[in-house]
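Coordinates in review
Below, each chain spelled out in residue letters.
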Amino acid sequence: MSESIPLNVGATVLTRDAQGLLALDKPAGVLSHPNRIADQPRSLLNATYDLEQQVYRWKTPNGGARCLWLLNRLDGATSGVILLAENLELARAIRLHFAQQRVHKVYVALVHGKPAEKRALWRDVVAVEKSGGKIRTRATAGHIPAETAFQFLGHFPAAMPTSLIRLEPHTGRSHQLRVQCAKRHLPIVGDQTYGDFAKNRAFVKATGEKRLFLHSLETEFTYTLAGKRHRFRAEAPLPVEFPR
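All values reported here derive from a predicted model rather than from experimental measurement.

Cut-offs used in this document
Residues numbered from 1 in each chain as written. Predicted model: local features only at pLDDT ≥ 70, side-chain atom pairs only at ≥ 80, totals over all residues. Heavy atoms only, no water. Helix = DSSP H or I, 4+ residues; strand = E, 2+ residues; numbered from the N terminus. Rg over C-alpha atoms; globule rule 2.2 N^0.38 Å. Contact = heavy atoms within 4.5 Å. Lys, Arg positive; Asp, Glu negative; His and termini not counted. Charge placed at Lys NZ, Arg CZ, Asp CG, Glu CD. Core = buried A, V, L, I, M, F, W, Y, C linked by side-chain atoms within 4.5 Å. Buried < 20%, exposed > 50% of the residue type's maximum accessible area, 1.4 Å probe, protein only. Phe/Tyr/Trp six-rings, centres within 6.5 Å; stacked < 30°, edge-to-face > 60°. Lys NZ or Arg CZ within 6 Å of the ring centre and 35° of its normal. Salt bridge = Lys/Arg side-chain N within 4 Å of Asp/Glu carboxyl O. Expected span 1.5 Å × (residues − 1). Arc of directions from axis to C-beta. Polar contact = N/O pair within 3.5 Å; in protein donor to acceptor, adjacent residues only side chain to side chain.

What to know about the overall build of the protein
A tally of regular secondary structure across the protein gives three helices and 13 strands. Against the 2.2 N^0.38 benchmark of 18 Å for 244 residues, the protein shows a C-alpha radius of gyration of 18 Å, consistent with a compact globule. If one aligns the C-alpha atoms of the protein with their principal axes, the spans along those axes are about 55 × 40 × 35 Å. Across the protein, contacts joining residues at least 24 apart in sequence account for 58% of those joining residues at least 6 apart. Considering the protein, the positive charge centre built from 35 side chains and the negative charge centre built from 21 side chains are found 3 Å apart.

And the structure:
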């Protein structure tokens, strides 16, 4: 089936298992799904999307009907692993894993500055506000737990000092990683909501790169379907814009 998926420009299939679970590599700037018809050209698939059922639908060249259920979301500016399922039973099983926080995810981010420590467990309480179709998260007040394992990977002391870090979220709050980085004075490069706007402008001037430097690198878990356990792992290569 992967050959017939109407992928939009830049999206690629990473892997598919025998049960019909797919991992795609979503480029930065591509939407996980359209919120309106006008968004379709910028969305993951060039197909009709049902917001209520969270499923893409399209017709194949021979007239057959195809569906892919969206299982998780990434901010439009974030790249990397995103999952879809070929049938509703599988979609429900995987969505339950996400709801119960039984999915291991790894992100890589490029941040302004240099961390004071090599490893840490970041624990915060956040407030998530949704209004007018926009989401804003605050780490200075709130009651929702947010936890992330942090690891320093490397520092790049150029004209615009930046650091590469690894982030493993143990909770899945909206904008969690971006807010937790900003709280620790390590704003993610290119973050237009929680970042350092002056440093972002200077970075673009120095490098020409305008993206949010947050990438969903790995997703791994074991799920049960029809009484059988299946292990699934997907990794999306680090984009070329990221320093090594």
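Structure shown, so let's carry the discussion forward.
Regarding the nonpolar core
Among the nonpolar cores identified, the biggest contains 31 residues, and Leu44, Leu45, Tyr56, Leu84, Trp122, Ile165 and Leu167 are the most heavily contacted of them. Looking at this core, the element that brings in the most residues is strand β7 (residues 104–112), giving three residues. Residues in contact with Leu45, not counting those within four places in the same chain, are Ile5, Pro6, Leu7, Asn8, Leu24, Gln40, Tyr56, Trp58, Leu68 and Leu84. Ranked by size, the runner-up nonpolar core spans 21 residues in total, among them Leu21, Ala85, Val103 and Ala236.

Examining the packing of aromatic side chains
Summed over all chains, the structure comprises six aromatic pairs. Between the aromatic rings of Phe213 and Phe242, the centroid separation amounts to 5.0 Å while the plane-to-plane angle is 55°, which identifies the pairing as tilted. Here Phe213, found in the loop between α3 (197–207) and β12 (214–225), pairs with Phe242, found in the segment after β13 (228–235); they are 29 residues apart in sequence, far enough to count as distant. Of the two residues, Phe213 and Phe242, neither departs from the other in class, the shared state being buried. Three or more aromatic residues joined by ring pairs make a cluster, and in this case those are Phe203, Phe213 and Phe242. Over the ring of Phe213 we find Arg211, and its NZ or CZ is 5.7 Å from the ring centre.

Section: helix α2 (residues 176–183)
Burial of α2 is extensive: six of the eight residues sit out of reach of the surface. Turning to α2, its buried residues number three or more, namely Gln176, Leu177, Arg178, Val179, Gln180 and Cys181. With its phi angle positive at about 60°, His185 sits one or two positions after the end of α2.

A few points about the pattern of salt bridges
This structure, assessed with the given rule, holds 14 salt bridges. Among the ionic pairs, Glu86 bridges to Arg16, the shortest N-O distance being 2.6 Å. With Glu86 in the loop between β6 (79–85) and α1 (88–99) and Arg16 in strand β1 (residues 12–16), this pair connects stretches of sequence that are 70 residues apart. Overall, the relative accessible area of 37% leaves Arg16 in the partly exposed class. Here Asp191 makes a salt bridge to Arg178, at a shortest N to O gap of 2.9 Å. With Asp191 in the loop between α2 and α3 and Arg178 in helix α2, this pair connects stretches of sequence that are 13 residues apart. For the pair formed by Asp191 and Arg178, the shared burial category is buried. Several salt bridges converge on common partners, so that one network encompasses Arg36, Asp39 and Arg42.

Some points on α1
With twelve residues, α1 should cover 16 Å at 1.5 Å per step; its first-to-last C-alpha distance of 16 Å lies within 8% of that length. Residues of α1 that are buried: Leu90, Ala91, Ala93, Ile94, His97 and Phe98. Buried residues of α1 fall within an arc of 165° about the axis and therefore sit on the same side. Turned more than 90 degrees away from the buried face of α1, the exposed residues are Glu89, Arg92 and Ala99. Contacts from the buried residues of α1 go to β2 (21–26), β5 (65–70), β6, β7 and β12. One or two residues past the end of α1 sits Gln101, with phi positive at roughly 55°.

Concerning the side chain of His97
With respect to the helices and strands, His97 occurs in helix α1. Here Thr222 takes part through its backbone oxygen, which lies 2.7 Å from a polar atom of the side chain of His97.

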